[in-house]
Amino acid sequence: MIKKILIVDDSPVARRMLKSSIPQNRGYEIYEAVDGYDGISKYQEIKPDMIFMDLTMPNLDGYNAIAEIKKTAPEAVIVVMTADIQQKSISRVIELGAFLVLKKPPRTKIVEDVLIKVEDSLKSRSGGKQ
Amino acid sequence: MKIECRPAFSDEEKEILQEIMNIAFGNATADLAELIDIYVELNAPSIQVLGIGDLPDYLIRRMKLHTETSIVAQNFWGDFKGSSILVLPNRSGRSLIAILDDDEMNDFSMKPVAGQEKEVLMEVGNILIGACVGKVCELLNTFVTYTPPQVILRNSDEYSAFIESFDPSQTAIIMETVFRFQKIDINGLLLLITNQEAIEWLQKALHHFMEPYE
Amino acid sequence: MASESPASFYGTLRMIFAQIFDMVNVGIVILDKELKVYKWNRWMEIHSKISAQEIIGASVFDFFPNLKNPRFLRNVKSVLTFGNFAFFSQKLHKYIFPFKANNSLGTDFKHMRQSCTMGPLRDENNRIQYVYIMVQDVTDVAAYEQKLIEMSIKDGLTGVYNRGFLENRLAEDFERHKRYMRPLSIIMQDIDFFKRINDTYSHPCGDYVLKNFASLIVSTIRKVDIFARYGGEEFCCVLPETGIESAKKLAEHLRKKIENEIFRFNETEIKITISQGVAELKKETVSGEELLRRADDALYEAKETGRNKVVGK
């Protein structure tokens, strides 16, 4: 079950757009981080069930943040949110261990679908392991 | 009464515009690479609001990015209205030929070098400007038409005419991004400048864009 | 008319637009996303000699394989993807569609010069569905332009280059040859006692001699050499990739040729001689002007020491 969601994006507007695209009646706890470093430390502190991660950010970009998080927590579920959906960029983040790539701007329907996919994956994972 | 009617562009509006530009330029990058084989990296854009009277100085300052610059300018109009300016280091026309990768460029050797560079600058400028402006328009649910691109050389009559063509009593929003052509490692600057008329429309369009997210 | 129903109003409008589409003096082509021809107006029919019926539905490349080039494809894609406009000016592209040119002003363009614009056409949902191409015949403009360029670089009487062109060209050649350390020479020429021809036989006769002298030189020197009228009866040859010895040899050859030539104006037979000064680009030469000056000094010396001779510096 998804309970805690972490949004990592330097743009307050982008975070706002994504937040409002996430269904509000399911009791998700939503946390925000403003760059890659902030994302890593919030991840360790909050241990969210999933992360929405922007790629182009100041200080530490999304690619590096994903790599860093995956190093200590290979099970982390990271959905990349980006406007640059070049095949090259997609393969790169998938290689780093991202769960999915979403094209910006977010759309409610698509975000909902992604949440379902993440749920399914978490379920099958816990079912498989325990 | 209407003398000082600079429509205030709030910080929030600036942030929305910033995110729209982020998305638009990201989309443009992807489409340029996958459909048109032009590989370019666009940095996160920055937004500035200034009086058009300050624009010439601003432009001159920004164009000093390179000691010698070539400028491609193009106007667009529609609901969204303004000028776009591409600033590239001088003589980059030659290197740009490499990214266009045309067989056709072979018969360029017949043409004088200056004409050839101009041709490439206009072509790349037109596509790059169109991609960025086009994507912003798509997000704001509108479309624009363009004047032919113009290559302007520093210290030319065209340059001064271009600088003077801005009405100093008005306000401009400058959207600026630094970009880099991957294969040839050339940096440039892309500026979109809206005029006053477009600002009011832009404010409405920005709020409309955010409506689904309220 | 006031009681016209909307349906018939739009019917009439459509009819009018269809007529204008075929009446305008501009070529209009509409392509779909697969680049098949969707519309082809009368102007295009006339100039391409391909009927709308024949081409509509076919890929534009079937009829115009020349369009299958990266530039055209790139521009079409940018129109379809971004709603871009693309501009093909005659100056840079000459033409998109190879049509026969209606030559005027004595030019002989093989193809009609075209100025073309390409842009998007959208459906009611603002989605781009088609690309239009508008083709304008600008052959006349191009012809004027060519004439103007010619007029600005050529001497009206003799048809060889003028002094302005010579000086620009020499400056360029100077830079290039100096940079790559390649030989470059020039010959300054002056027709001896030319004033006497004008005085003795009339100005038209003098003009005739100048013209024929110039064409004789042009027919003797290489294509890469630049021959220009420097002023009055003074001419100049710029000889790229040529050292002083070869330049002097050429000057001597020209001297003999002119000396042996008989210019016939009406019934009059006229003989002339020329004095020539030759100079070569040296390591220490700082400009094209200096080169000219040295050749001029040599020419002066040739004049002072007897005329009808070559002096090299």
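Everything below is about the structure shown above.
Residues numbered from 1 in each chain as written. Chains lettered and ligands numbered in written order. Predicted model: local features only at pLDDT ≥ 70, side-chain atom pairs only at ≥ 80, totals over all residues. Heavy atoms only, no water.

Enquirer: Tell me about the interface of chain B and chain A, residues and numbers included.
Expert: Residue-level contacts link 20 residues of chain B with 19 residues of chain A. Around 1600 Å² of area is buried between chain B and chain A when both sides are counted, 56% of it from carbon and sulfur atoms. Applying the counting criterion to the chain B and chain A interface returns three salt bridges. At the boundary of chain B with chain A, the tally comes to eight residue pairs in polar contact (both at pLDDT 80 or more). Residue contributions to the side of chain B that touches chain A peak at twelve residues, all from helix α1 (residues 11-36) of chain B. By residue class, the composition of the side of chain B that touches chain A is ten nonpolar, five polar and five charged. (Contact = heavy atoms within 4.5 Å. Buried area = accessible area lost by both parts, 1.4 Å probe. Salt bridge = Lys/Arg side-chain N within 4 Å of Asp/Glu carboxyl O. Polar contact = N/O pair within 3.5 Å; in protein donor to acceptor, adjacent residues only side chain to side chain. Helix = DSSP H or I, 4+ residues; strand = E, 2+ residues; numbered from the N terminus. Nonpolar A, V, L, I, M, F, W, Y, C, P; charged D, E, K, R; others polar.)

Enquirer: Tell me what's going on with the packing of α1(B) against helix α6 (residues 196-210) of chain B, and back it up with residues and numbers.
Expert: Residue and element names in this part refer to chain B. Relative to each other, α1 and α6 sit at 70°, their axes nearing to 10 Å. Of the possible angle classes, the one that applies to α1 and α6 is roughly perpendicular. Side by side, α1 and α6 meet where Glu12, Glu13, Ile16, Leu17 and Ile20 of the first sit next to Leu202, Gln203, Leu206, His207, Phe209 and Met210 of the second. Its residues assigned to classes, the contact of α1 with α6 comprises seven nonpolar, two polar and two charged. (Axes fitted to C-alpha atoms, helices over the stretch in contact; angles between N-to-C directions. Parallel < 35°, antiparallel > 145°, perpendicular 65-115°, else oblique.)

Enquirer: Give me the lowdown on unusual backbone geometry, citing residues and values where you can.
Expert: Cis geometry marks the peptide bond from Lys104(A) to Pro105(A), where omega comes out at -5°. Mapped onto the elements of the fold, Pro105(A) is located in the loop between β5 (100-103) and α5 (108-129). Even without glycine at this site, Asn59(A) takes up a positive phi of about 65°. By the element assignment, Asn59(A) lies in the loop between β3 (50-54) and α3 (62-72). A residue is classified by how much of its surface remains accessible, and Asn59(A), at 60% relative accessible area, is exposed. Of note in this structure, Phe193(C) is not a glycine but carries a positive phi near 50°. With respect to the element layout, Phe193(C) can be found in the loop between β6 (184-191) and α9 (194-201). (Buried < 20%, exposed > 50% of the residue type's maximum accessible area, 1.4 Å probe, protein only.)

Enquirer: Can you lay out the sheet that holds strand β4 (residues 114-122) of chain C for me, pointing to particular residues and giving the numbers?
Expert: Residues and elements named next belong to chain C. Read from one edge of the open sheet, five strands run β2-β1-β5-β4-β3, paired in antiparallel fashion. Every other strand in the sheet has two partners, leaving β2 (37-40) and β3 (86-88) as the edge strands with one partner each. Recorded for the sheet is a direction-independent mean angle of 20° between the axes of neighbouring strands. Where strand β1 (residues 27-32) and strand β5 (residues 128-137) come together, six bridges link them in antiparallel fashion. Pairing of Ile28 across the sheet is with Met134, part of β5. (Pairing = 2+ DSSP bridges.)

Enquirer: I'd like to hear about the side chain of Ser78(C), residue by residue, with values.
Expert: Following the sequence through the fold, Ser78(C) ends up in helix α5 (residues 70-82). A distance of 3.3 Å separates a polar atom in the side chain of Ser78(C) from a polar atom in the side chain of Asn84(C). Leaving out residues up to four positions away in the same chain, Ser78(C) has contacts with Ile36(B), Ile127(B), Gly83(C) and Asn84(C).

Enquirer: Would you mind going over the side chain of Ser275(C) in detail, with residue names and values included?
Expert: Residue and element names in this part refer to chain C. Turning to its location among the elements, Ser275 is positioned in strand β11 (residues 274-280). Here Asn308 takes part through its backbone nitrogen, which lies 3.3 Å from a polar atom of the side chain of Ser275. With residues up to four places along the chain from it excluded, the contact list for Ser275 reads Met188, Gln189, Asp190, Asp192, Leu299, Ala302, Lys303, Arg307, Asn308 and Lys309.

Enquirer: If you had to explain α6(B) to someone new, which residues and values would you point to?
Expert: Since the α-helix packs 3.6 residues into each turn, any two residues three or four apart lie on the same face. In this model, α6(B) (15 residues) spans 22 Å end to end at C-alpha, consistent with the 21 Å of a helix rising 1.5 Å per residue. Of all the residues in α6(B), the buried ones are Gln196(B), Ala198(B), Ile199(B), Trp201(B), Leu202(B), Gln203(B), Ala205(B), Leu206(B), Phe209(B) and Met210(B). (Expected span 1.5 Å × (residues − 1).)

Enquirer: Quick rundown of the pattern of salt bridges? Include the residues and the values.
Expert: As a working rule, side chains carrying opposite charge can pair if their charged atoms are close by. Counted by the stated rule, this structure contains 31 salt bridges over all chains. The residue Glu29(A) makes a salt bridge to Lys3(A) at a minimum N-O spacing of 3.4 Å. With Glu29(A) in strand β2 (residues 29-33) and Lys3(A) in the segment before β1 (4-8), this residue pair connects regions lying 26 residues apart in the sequence. Across the pair Glu290(C) and Arg294(C) runs a salt bridge, and its minimum N-O distance is 3.6 Å. Taken together, the residues span about one helical turn, with Glu290(C) and Arg294(C) both in helix α12 (residues 288-304) at a distance of four residues. Each of Asp9(A), Asp54(A), Lys104(A) and Glu19(B) takes part in salt bridges that share partners, so that together they form one network.

Enquirer: Describe in detail empty space enclosed by the protein, supporting the description with residues and values.
Expert: In total, this model carries two cavities of 30 Å³ or more according to the counting rule given. Computed from the structure, the largest cavity encloses a volume of approximately 60 Å³. Of all the secondary structure elements, the ones that give two or more residues to the lining of the largest cavity are β1, α1 (12-21) and β3 of chain A. Tallied by class, residues from the lining of the largest cavity come to nine nonpolar, no polar and four charged. Empty space within the second largest cavity amounts to approximately 40 Å³. Around the second largest cavity sit Asp37(B), Tyr39(B), Ile99(B), Gln182(B) and Lys183(B), which together line it. Taken together, the residues of the lining of the second largest cavity sort by class into two nonpolar, one polar and two charged. (1 Å grid on protein atoms, 1.4 Å probe; cavity = no way out; pocket = protein on both sides within 12 Å on 5 of 7 lines; lining within 4 Å. Points joined across faces, edges and corners; volume = space filled by probe spheres on them.)

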